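Chain residues, written in single-letter form:
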Amino acid sequence: DSGVTQTPKHLITATGQRVTLRCSPRSGDLSVYWYQQSLDQGLQFLIQYYNGEERAKGNILERFSAQQFPDLHSELNLSSLELGDSALYFCASSPAGGMVNEQFFGPGTRLTVL
Amino acid sequence: GQSLEQPSEVTAVEGAIVQINCTYQTSGFYGLSWYQQHDGGAPTFLSYNALDGLEETGRFSSFLSRSDSYGYLLLQELQMKDSASYFCAVGSDYKLSFGAGTTVTVRA
């Protein structure tokens, strides 16, 4: 158990809908990272927040957005969902905000878009 | 941008040694990391190399050659529980870029 929690564990929804994924980092960690992992694919970096501020952006679609709240938990919002958005979404955290090679991953949210 | 290449699959028997190679191209480089992921599970950090050379952590070792943009993960004394996907990742610009992963299957 990494200490990172993610809810919900599973999410099934329809195309065109909007969902929110939630992540609580390890106690004391200020950085949160979001990743997408499609079937048989590697981990695609989406976005990083550090202490409430956006720090780095990857190939995140305009339909997706994220934020980190004062209590350091983070939410990833996915809207106008398409079939191709079906994937595992992982959140990770780390203490620092710079280039961090050791990240602690949560159990993931499996999103299925029908 | 970043690109990483690693073999897609490796199969070996219990007790054997497996080497997973990773070559990368990146603008800016802050080190090479390795992560393990069991089927459907969360990735877990294994090792990190910032400088050239070998890092050993128990049965696992990782090597980096910055001049060759190359690294490898060495799994020794393979056990059934080592069956998993292994990802190399390069750090640059505040983010980690992951390879597509190598599926290691350990046979009895």
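Structure's up top.
Every chain is numbered on its own, with residues counted from 1 as its sequence reads. Chain letters start at A and ligand numbers start at 1, both assigned in the order the entries are written. Only residues with pLDDT of 70 or above have their local features reported here, since the model is predicted, and side-chain atom pairs are shown and tallied only from 80 upward, although totals for entire chains, interfaces and linings are computed over all residues. Side-chain measures were taken over the full set of non-hydrogen atoms in the model, leaving aside hydrogen atoms and water.

**Observations regarding the layout of surface pockets**
Part 1 of the argument: What the second largest pocket holds in volume is close to 210 Å³.
Part 2 of the argument: Looking at the second largest pocket, the residues that line it are Leu 43, Gln 44, Phe 45, Gly 58 and Asn 59 of chain A together with Gln 2, Ser 3, Leu 4, Lys 95, Leu 96, Ser 97 and Phe 98 of chain B.
Part 3 of the argument: With 4 residues, the top contributor of residues to the lining of the second largest pocket is strand S10 (residues 95-98) of chain B.
Part 4 of the argument: Residues belonging to the lining of the second largest pocket are distributed by class as follows: 5 nonpolar, 6 polar and 1 charged. A 1.4 Å probe that fits into a set of points on a 1 Å grid over the protein atoms alone but cannot get out defines a cavity; an open set with protein on both sides within 12 Å along at least five of seven lines defines a pocket, and lining residues are those with an atom within 4 Å of a point. Grid points are joined across faces, edges and corners, and a volume is the space filled by probe spheres set on the points. What counts as a helix is a DSSP run of H or I of at least four residues, what counts as a strand is a run of E of at least two, and both are numbered from the N terminus. Charged residues are taken to be Asp, Glu, Lys and Arg, nonpolar residues to be Ala, Val, Leu, Ile, Met, Phe, Trp, Tyr, Cys and Pro, and polar residues to be all remaining types, Gly included.

**Notes on unusual backbone geometry**
Residue and element names in this part refer to chain A.
Part 1 of the argument: Following Thr 7, the chain continues into Pro 8 via a peptide bond in cis, with omega recorded as -10 degrees.
Part 2 of the argument: By the secondary structure assignment, Pro 8 is in the loop between strand S1 (5-7) and strand S2 (10-13).
Part 3 of the argument: The backbone of Leu 72 sits at a positive phi, close to 80 degrees, despite the residue not being glycine.
Part 4 of the argument: Counting through the fold element by element, Leu 72 comes out in the loop between strand S7 (64-68) and strand S8 (74-78).
Part 5 of the argument: Notably, Ser 80 is not glycine yet its phi reads approximately 45 degrees, a positive angle.

**Observations concerning the interface of chain B and chain A**
How big an interface is tends to be reported as the loss of accessible area on association of its parts.
Part 1 of the argument: Should any heavy atoms of two residues lie within 4.5 Å, those residues are considered in contact. Residue-level contacts link 21 residues of chain B with 24 residues of chain A.
Part 2 of the argument: Each of two parts loses accessible area, computed with a 1.4 Å probe, when they are put together; buried area is these two losses added. Both faces combined, the contact of chain B with chain A buries some 1,600 Å², and carbon together with sulfur accounts for 63% of it.
Part 3 of the argument: On the chain B side of the interface with chain A, the three residues burying the most area are Tyr 94, Leu 96 and Phe 98 of chain B, jointly 36% of the side's total.
Part 4 of the argument: In protein, a polar contact requires one atom able to donate a hydrogen and another able to accept it; more generally it is a pair of N or O atoms within 3.5 Å, and residues adjacent in sequence count only if both atoms are side-chain atoms. One can count 6 residue pairs in polar contact (both at pLDDT 80 or more) joining chain B with chain A.
Part 5 of the argument: At the level of secondary structure, the elements contributing two or more residues to the side of chain B that touches chain A comprise strand S4 (32-37), strand S5 (44-49), strand S9 (84-92) and S10 of chain B.
Part 6 of the argument: Residues belonging to the side of chain B that touches chain A are distributed by class as follows: 11 nonpolar, 8 polar and 2 charged.

**A few points about the sheet that holds strand S1 (residues 3-5) of chain B**
Residue and element names in this part refer to chain B.
Part 1 of the argument: In this analysis, strands are considered paired if DSSP registers two or more bridges between them. Spatially, the 5 strands line up as an open sheet ordered S1-S3-S8-S7-S6, and their pairing is antiparallel. Of all strands in the sheet, those bounded by a partner on one side alone are S1 and strand S6 (53-57). Strand-to-strand twist in this sheet, taken as the mean axis angle between neighbours without regard to direction, amounts to 20 degrees.
Part 2 of the argument: With 3 bridges connecting them, S1 and strand S3 (residues 18-25) associate as antiparallel partners. Only C-alpha atoms enter the line fits that serve as axes; for helices the fit covers just the stretch in contact. Angles between N-to-C directions range over 0 to 180 degrees.

**With respect to the nonpolar core**
Part 1 of the argument: Grouped together as the largest cluster of nonpolar side chains are 23 residues, with contacts concentrated most on Ile 20, Leu 32, Trp 34, Leu 75 and Tyr 86 of chain B.
Part 2 of the argument: Mapped onto this core, the elements with two or more residues apiece are strand S2 (9-13), S3, S4, strand S7 (60-65), strand S8 (70-75), S9 and strand S11 (102-107) of chain B.
Part 3 of the argument: Aside from chain neighbours lying at most four places away, what touches Leu 75 of chain B is Ala 16, Ile 17, Val 18, Ile 20, Arg 59, Phe 60, Tyr 86 and Val 104 of chain B.
Part 4 of the argument: The nonpolar core is taken to be a set of buried Ala, Val, Leu, Ile, Met, Phe, Trp, Tyr and Cys residues, with the residues joined through side-chain atoms within 4.5 Å. Burial here depends on accessible area, computed with a 1.4 Å probe over protein chains only, as a share of the maximum for the residue type. Under 20% is buried, over 50% is exposed, and the range in between is partly exposed. Grouped together as the second largest cluster of nonpolar side chains are 20 residues, Ile 47, Ile 60, Leu 76 and Tyr 89 of chain A included.

**What about the environment of Gly 99 of chain B?**
Part 1 of the argument: If you trace the backbone, Gly 99 of chain B turns up in the loop between S10 and S11.
Part 2 of the argument: Look at Gly 99 of chain B and you get buried, because its relative accessible area is 1%.
Part 3 of the argument: Once the C-alpha coordinates of Gly 99 of chain B and Trp 34 of chain B are considered, the two residues, 65 residues apart in sequence, prove to be 9.7 Å apart.
Part 4 of the argument: Ignoring any residue separated from it by four or fewer positions in sequence, one finds Gly 99 of chain B in contact with Gly 42 of chain A together with Leu 4, Gln 6, Phe 87 and Cys 88 of chain B.

**Quick notes on the sheet that holds strand S3 (residues 19-24) of chain A**
Pairing between the strands of a sheet is mediated by backbone hydrogen bonds and can be parallel or antiparallel.
Residues and elements named next belong to chain A.
Part 1 of the argument: Across the sheet, 4 strands lie side by side as S1-S3-S8-S7; this open sheet has antiparallel pairing. Looking at strand neighbours, the two that pair on one side only are S1 and S7, the edges of this open sheet. The mean angle between the axes of side-by-side strands here comes to 15 degrees, regardless of whether they run parallel or antiparallel.
Part 2 of the argument: Pairing between S7 and S8: 5 bridges, direction antiparallel. Note on S8: the bridge partner recorded for Ala 66 is Leu 76.

**Things to note about the pattern of salt bridges**
If charged atoms from side chains of opposite charge come close, those side chains can pair.
All names here are of chain A.
Part 1 of the argument: For this analysis, a salt bridge means a side-chain nitrogen from Lys or Arg found within 4 Å of a carboxyl oxygen belonging to Asp or Glu. Summed over all chains, the structure comprises 5 salt bridges over all chains.
Part 2 of the argument: One salt bridge connects Arg 22 with Glu 75, and the closest N-O pair in it is separated by 4.0 Å. Note that Arg 22 is positioned in strand S3 and Glu 75 in strand S8, a separation of 53 residues in sequence.
Part 3 of the argument: Take Glu 75: its relative accessible area is 18%, and that puts it in the buried class.
Part 4 of the argument: Taken together, the shared-partner salt bridges in this structure form one network comprising Arg 63, Glu 82 and Asp 85.

Geometry only, nothing functional implied.
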